[in-house]
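Residues per chain are reported as follows:
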Amino acid sequence: MKPRSLVPRNKDPEAPWESTAITGLCDKGKTDLAYVGIRHELGRYTRYGSKRRNTTIRPKDPHEWTNQIANPEHATTVGRLRGAWSTVSRRALASSHCPDPGS
């Protein structure tokens, strides 16, 4: 994977910057506590354990306090974040020792 320079972002913090970041935590002994999330300019999509899902939408919720996963107003954005999660997290999980919290 080719690294991406942060120089353009540092020069202009308001410039468009399409990217996705992955965060996660796992404990093989407690898979119900595992989480994997992606952060995209649209918002954050996180899976906790095997059942709980959370989506926050930016810029409407900059502090990420409100779960919008069931809000029909944000169905398109939630769908895009779920799609990005599927693509990105599968690659990340394949190279880690964490179980997939979505399975």
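See above for the structure.
Residues numbered from 1 in each chain as written. Predicted model: local features only at pLDDT ≥ 70, side-chain atom pairs only at ≥ 80, totals over all residues. Heavy atoms only, no water.

Concerning the overall build of the protein chain
On a plain count of helices and strands, the protein chain comes out with two helices and four strands. The order of α-helices and β-strands along the protein chain, N terminus first, is α-β-β-β-β-α. A total of 103 residues make up the protein chain; the buried ones form 27% of that total. Summing over all exposed atoms, the protein chain offers an accessible surface of approximately 7,200 Å²; the carbon and sulfur share of this is 54%. (Helix = DSSP H or I, 4+ residues; strand = E, 2+ residues; numbered from the N terminus. Buried < 20%, exposed > 50% of the residue type's maximum accessible area, 1.4 Å probe, protein only. Areas by Shrake-Rupley, 256 points an atom, 1.4 Å probe, with all protein chains shown as cover.)

Regarding the pattern of salt bridges
As enumerated under the stated definition, the model contains three salt bridges in all. Measuring nitrogen to oxygen at the nearest pair gives 3.3 Å for the salt bridge that ties Arg39 to Glu64. Of this pair, Arg39 sits in strand E2 (residues 35–40) while Glu64 is found in the loop between strand E4 (52–57) and helix H2 (75–94), placing the two residues 25 residues apart along the sequence. Linking Lys60 and Glu73 is a salt bridge whose minimum nitrogen-to-oxygen distance equals 3.1 Å. Note that Lys60 is positioned in the loop between E4 and H2 and Glu73 in the loop between E4 and H2, a separation of 13 residues in sequence. (Salt bridge = Lys/Arg side-chain N within 4 Å of Asp/Glu carboxyl O.)

A word on the sheet that holds strand E1 (residues 20–25)
Strand order in the open sheet made by the four strands is E1-E2-E3-E4, with antiparallel pairing throughout. The sheet terminates laterally at E1 and E4, the two strands that pair on one side only. The sheet shows a mean angle of 10 degrees between the axes of neighbouring strands, taken without regard to direction. Examined bridge by bridge, strand E3 (residues 43–48) and E4 share six bridges and lie antiparallel to one another. Along E4, the bridge assignment pairs Arg47 with Arg53. (Pairing = 2+ DSSP bridges. Axes fitted to C-alpha atoms, helices over the stretch in contact; angles between N-to-C directions.)

Concerning the packing of aromatic side chains
All chains considered together, the criterion is met by zero aromatic pairs. Between the NZ or CZ atom of Arg52 and the centre of the ring of Tyr48, over which it lies, the distance is 4.5 Å. (Phe/Tyr/Trp six-rings, centres within 6.5 Å; stacked < 30°, edge-to-face > 60°. Lys NZ or Arg CZ within 6 Å of the ring centre and 35° of its normal.)

Digging into the nonpolar core
Core analysis: the largest hydrophobic core is formed by eight residues, namely Val36, Ile38, Leu42, Tyr45, Ile57, Leu81, Ala84 and Trp85. Broken down by secondary-structure element, the contributors of at least two residues to this core are E2 and H2. With three residues, H2 is the largest single contributor of residues to this core. (Core = buried A, V, L, I, M, F, W, Y, C linked by side-chain atoms within 4.5 Å.)

Structural notes on the side chain of Gln68
Locating Gln68 in the fold gives a position in the loop between E4 and H2. When sequence neighbours within four positions are dropped, the list of residues in contact with Gln68 reads Thr55, Ile57, His74 and Val78. (Contact = heavy atoms within 4.5 Å.)

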